[in-house]
Amino acid sequence: METKLTSDINEIAPLEKTNKKVVISLEPFAKKQLSSIEYMLAVVGLFILLISWVNFINQSIGQSYGRFKEIGILRVMGATVANLKSQFYFESGLICLTSLIISVVVYLGLEPYLQSFTNGHLLPLIGDPGFINLAFLSIFIIGTVLVAAIPSMVLFSHNLSSALQKGFGGKIGSLRLRKLLLIFQFSISTILMICIFVIMNQLDFMSSKNKGINIENTIIVKSPMEKGTWESKTKKLRLFKEKCKELSFLAGITSSSTIPGEEYRRESFLSLDDPNEKKLVYLNGVDDRFLDLYEIRFVAGGNFIPNARWRNRKGIILNESAARALGIIDFDKMMPTKLLLDGDKELELMGIVENYHKTSLRYEIRPMAFQFNDNRGHFSLKVHSLSNDYNDLQKKVSGIENVWAQVYPDNPFDYFLLAERFKSQDKEDIYFAKLFKIFTALSIVISCLGLFGFSLLVSTKRLREIGVRKIFGASSFNILVMFTKGYLGSLSVATIIGIPIAYSLMTIWLKNYAYKVEIGFLSISLAVLSLTLIFLFTVLYHTIKSSTANPVTILRG
């Protein structure tokens, strides 16, 4: 394919005459790089997978207590350790296989919804050109081996005869390993909880930050693809503006070569004193109403003059970034001054406006220059008020469309709401935050299930200790504090592990944004406090039940 495309293109006559050769290289889709958001979600998915494995291992170790008699009977009947381990591996493999089948069936049933929810970021499970299915199979095998091997090692690492004699109180299934596994779970949950707090803070910052421009109640009508002479095009454009001014619901109309929310276009070079000292700026052709309609504030000078077309054509307006790039420090003193556009066209600096965000807060505000051009571009129509009522919006749009049909009968009418289009720049971040919320909630639920089972085991195993302590005068409150301290100790260790990892991950993620929040003490504290309350609430039932139990009943049992 590459050879054929290269040969066909090089045989094109105009290219053949230049004696230049073009080489086509195709890159497999599987080698396409993932975005930083997709990498982050992959890491979160791996965290949840690890939590699930740890939870399964923890529960398997806990269930070992109930299998002493079963193992003893099997050993008496002649079963070897290898036979018993094979049984453990088979049982774990069967559980994992069942879970995999259920997961695949659920995924295939929900795939259309999941693709829509993730904005098309999910690769197809069947027919994927990459190695996604091989990765799933590898993860399944690794998980099966891990969740079977670790409980088996714990169970068969001690003298089974001694364990059977001592019964439930033996050392098999020691709490130390289970506590370490819980700390591992807590650490991952801490990481995810801190991350979601930082992510939501960043999204709130992006939505609430003053962008230096008023885009509300603005309808954009795309420029017509009009044929004809320059004069006829200009005449129609002015006629459309004049007719739209007669619509009572419109507060104003303007035209421009680019609009807020679009990428920076038309690179040009400006120079102040030395023609060789050129600075890159992005030009935007606007009429004399553009800056006023969008409520862009001037910090020096003024706007283009109404009805002074030829005077305006000799002027130019800069934003603060462009002015500073040219070395202008005292804005007022530089009004007016001469600038050179692209080294040969002399223009008068008429004003300097505040920086405003033309694109998403992911990107730096670039040096911009506004040149007068009222002959072409997209139309921005400011409406007095836009309600959420669909019928009201359609009524106003129909009024604009009727004017369009009169002026441009052969051109399709294409419009959109600027505020919605501007927000769509951040839709990837919004989808990412939704997914991260779900993943975080899922990880916490899984961790809480493990913690709930662990608290049951601890409470049951320490019942006699609780009875003895209460006989010697310990109150229910003392017992409750003792248990709580144990859980808070594990959570403190997990927090110490999780905070620096979460901070590093979020620092990397925030590098994608030119304007971002700081990862402050408050965000981390709120995340840790929220997680602590969730985990304490999880263990509260068994802890209170054990601490308030009758010591006589406990010691008789």
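Conventions and cut-offs
Residues numbered from 1 in each chain as written. Predicted model: local features only at pLDDT ≥ 70, side-chain atom pairs only at ≥ 80, totals over all residues. Heavy atoms only, no water. Helix = DSSP H or I, 4+ residues; strand = E, 2+ residues; numbered from the N terminus. Buried < 20%, exposed > 50% of the residue type's maximum accessible area, 1.4 Å probe, protein only. Polar contact = N/O pair within 3.5 Å; in protein donor to acceptor, adjacent residues only side chain to side chain. Contact = heavy atoms within 4.5 Å. Patch = residues over 30% accessible without salt bridge, like charges linked within 9 Å, V, L, I, M, F, W, Y side chains within 5 Å. Areas by Shrake-Rupley, 256 points an atom, 1.4 Å probe, with all protein chains shown as cover. Salt bridge = Lys/Arg side-chain N within 4 Å of Asp/Glu carboxyl O. Arc of directions from axis to C-beta. Axes fitted to C-alpha atoms, helices over the stretch in contact; angles between N-to-C directions. Parallel < 35°, antiparallel > 145°, perpendicular 65-115°, else oblique. Left-handed = near helix turned anticlockwise from the far one by under 90°. Nonpolar A, V, L, I, M, F, W, Y, C, P; charged D, E, K, R; others polar. Pairing = 2+ DSSP bridges. pLDDT = per-residue confidence, 0-100. Core = buried A, V, L, I, M, F, W, Y, C linked by side-chain atoms within 4.5 Å. Phe/Tyr/Trp six-rings, centres within 6.5 Å; stacked < 30°, edge-to-face > 60°. Lys NZ or Arg CZ within 6 Å of the ring centre and 35° of its normal. Expected span 1.5 Å × (residues − 1).

1. Remarks on the side chain of serine 255
Move 1: Turning to its location among the elements, serine 255 is positioned in strand β2 (residues 250–256).
Move 2: On the basis of relative accessibility, which here comes to 0%, the residue serine 255 falls in the buried class.
Move 3: Here lysine 241 takes part through its side chain, which lies 2.7 Å from a polar atom of the side chain of serine 255.
Move 4: Discounting residues that sit within four places of it in the chain, serine 255 has contacts with Leu237, Lys241, Gly285, Val286, Asp287, Asp374, Arg376, His378 and Phe379.

2. Re a nonpolar patch on the surface
Move 1: Judged by side-chain polarity, Tyr89, Leu134, Leu137, Ile141 and Val145 come together as a nonpolar surface patch covering roughly 450 Å² of accessible area.
Move 2: Among the elements that make up the nonpolar patch, the one with the highest residue count is helix α6 (residues 132–155) (4 residues).
Move 3: Along the chain, leucine 134 falls in helix α6.

3. Observations concerning unusual backbone geometry
Move 1: Residue proline 336 follows methionine 335 across a cis peptide bond; omega there is -15°.
Move 2: Structurally, the position occupied by proline 336 is in the loop between α12 (320–325) and β7 (338–341).
Move 3: Positioned with a positive phi, asparagine 217 is a non-glycine residue whose angle comes to about 55°.
Move 4: Mapped onto the elements of the fold, asparagine 217 is located in the loop between α8 (175–208) and β1 (218–221).
Move 5: Phi is positive for asparagine 307, which is not a glycine, with a value near 55°.
Move 6: Its location among the elements puts asparagine 307 in the loop between β5 (298–301) and α11 (309–313).

4. Considerations on helix α16 (residues 463–471)
Move 1: Within α16, burial applies to Ile466, Gly467 and Lys470. Each buried residue of α16 lies within a common arc of 100° when the element is viewed along its axis, so the set occupies one face.
Move 2: Of the residues trailing α16, glycine 473 is marked for its positive phi of about 110°.

5. Some remarks on the packing of α16 against helix α17 (residues 476–510)
Move 1: Running from N to C, α16 and α17 point in directions that differ by 140°, and their axes come no closer than 10 Å. It follows that α16 is oblique to α17 by the angle criterion. When the axes of α16 and α17 are compared, the crossing they make is right-handed. The segment α16 lies against α17, with Glu465, Ile466, Arg469 and Lys470 engaging Ser476, Ile479, Met482 and Phe483.
Move 2: Along the lines of polarity and charge, the residues of the contact of α16 with α17 split into 4 nonpolar, 1 polar and 3 charged.

6. Re the pairing of β7
Move 1: The pairing of strand β3 (residues 267–271) with β7 spans 2 bridges and is classified as antiparallel. Paired with serine 271 across the two strands is leucine 340, which belongs to β7.
Move 2: Note: β7 against strand β8 (residues 345–353), 4 bridges, orientation antiparallel. In the strand pairing of β8, leucine 340 is matched with glutamate 346.

7. Things to note about the confidence of the model for the protein chain
Move 1: A residue-level look at the protein chain finds 83% of positions with pLDDT of 70 or above and a mean pLDDT of 80.
Move 2: Throughout residues 168–173 the model reports pLDDT below 50, and contacts reaching past four residues in sequence, or to other chains, amount to 16 contacts.

8. Describing the pattern of salt bridges
Move 1: Counting across every chain of the model gives 15 salt bridges.
Move 2: As a salt-bridge pair, arginine 238 and aspartate 374 come within 4.0 Å of each other at their nearest N and O atoms. Taken together, the positions of arginine 238 in helix α9 (residues 230–245) and aspartate 374 in the loop between β9 (368–372) and β10 (378–383) put the pair 136 residues apart, joining distant regions of the chain.
Move 3: Judged by relative accessible area, arginine 238 falls into the partly exposed class, the value being 36%.
Move 4: Taking relative accessible area as the criterion, aspartate 374 reaches 12% and is therefore assigned buried.
Move 5: Residues arginine 289 and aspartate 288 are paired through a salt bridge, measuring 4.0 Å at the closest nitrogen-oxygen approach.
Move 6: A relative accessible area of 13% means that aspartate 288 is categorised as buried.
Move 7: Put simply, Lys241, Asp287, Asp288 and Arg289 are held in one network by salt bridges that share partners.

9. Here's the deal with the packing of α17 against helix α18 (residues 521–547)
Move 1: Where α17 meets α18, the closest approach of the two axes is 10 Å, and the angle between their N-to-C directions is 145°. Considering how the two elements wind past one another, α17 and α18 form a crossing that is right-handed. On the side of α17, the interface is formed by Ser476, Ile479, Leu480, Phe483, Thr484, Tyr487, Leu488, Leu491, Thr495 and Ile499, while α18 contributes Ile524, Val528, Thr532, Phe535, Leu536, Val539, Thr543, Ile544 and Ser547.
Move 2: When grouped by side-chain class, the residues that make up the contact of α17 with α18 number 13 nonpolar, 6 polar and no charged.

10. Concerning the environment of isoleucine 305
Move 1: Tracing the chain through its elements places isoleucine 305 in the loop between β5 and α11.
Move 2: As a C-alpha pair, isoleucine 305 and methionine 350 span 45 residues in sequence and 9.8 Å in three-dimensional space.
Move 3: Apart from the residues lying within four places of it in its own chain, the contact partners of isoleucine 305 are Asp288, Arg311, Asn312 and Met350.

11. Section: the nonpolar core
As a rule of thumb, nonpolar side chains are buried together in soluble globular proteins.
Move 1: One finds Tyr294, Phe370 and Phe436 to be the most contacted residues of the largest nonpolar core, which totals 75 residues.
Move 2: Counting residues per element, this core draws most heavily on α8, which supplies 14 residues.
Move 3: Setting aside anything within four residues of it in sequence, one finds phenylalanine 370 in contact with Asn284, Val286, Phe290, Leu291, Phe304, Ile316, Ile317, Val353 and Tyr356.
Move 4: By size, the runner-up hydrophobic cluster in this structure holds 21 residues, among which are Leu250, Ile400, Val407 and Phe413.

12. Points about the packing of aromatic side chains
Move 1: Counting across every chain of the model gives 16 aromatic pairs.
Move 2: Both rings, one in phenylalanine 240 and one in tyrosine 408, keep their centres 6.1 Å apart while their planes meet at 50°; by these two values the pair is tilted. Taken together, the positions of phenylalanine 240 in helix α9 and tyrosine 408 in the loop between α13 (390–407) and β11 (415–417) put the pair 168 residues apart, joining distant regions of the chain.
Move 3: Owing to a relative accessible area of 3%, tyrosine 408 belongs among the buried residues under this scheme.
Move 4: Across the ring face of phenylalanine 416, the terminal group of arginine 421 is positioned such that the distance to the ring centre comes to 3.7 Å.

13. Points about α9
Move 1: Helix length check: α9, at 16 residues, gives a terminal C-alpha distance of 23 Å against a target of 22 Å (1.5 Å per residue), a fit within 8%.
Move 2: Listed in full, the buried residues belonging to α9 are Thr234, Leu237, Phe240, Lys241 and Cys244. Projected down its long axis, α9 carries its buried residues within an arc of 125°, all on one side. More than 90 degrees from the buried face of α9, the exposed residues found are Glu231 and Lys235.
Move 3: On its buried face, α9 is in contact with β2, α11, β10 and α13.

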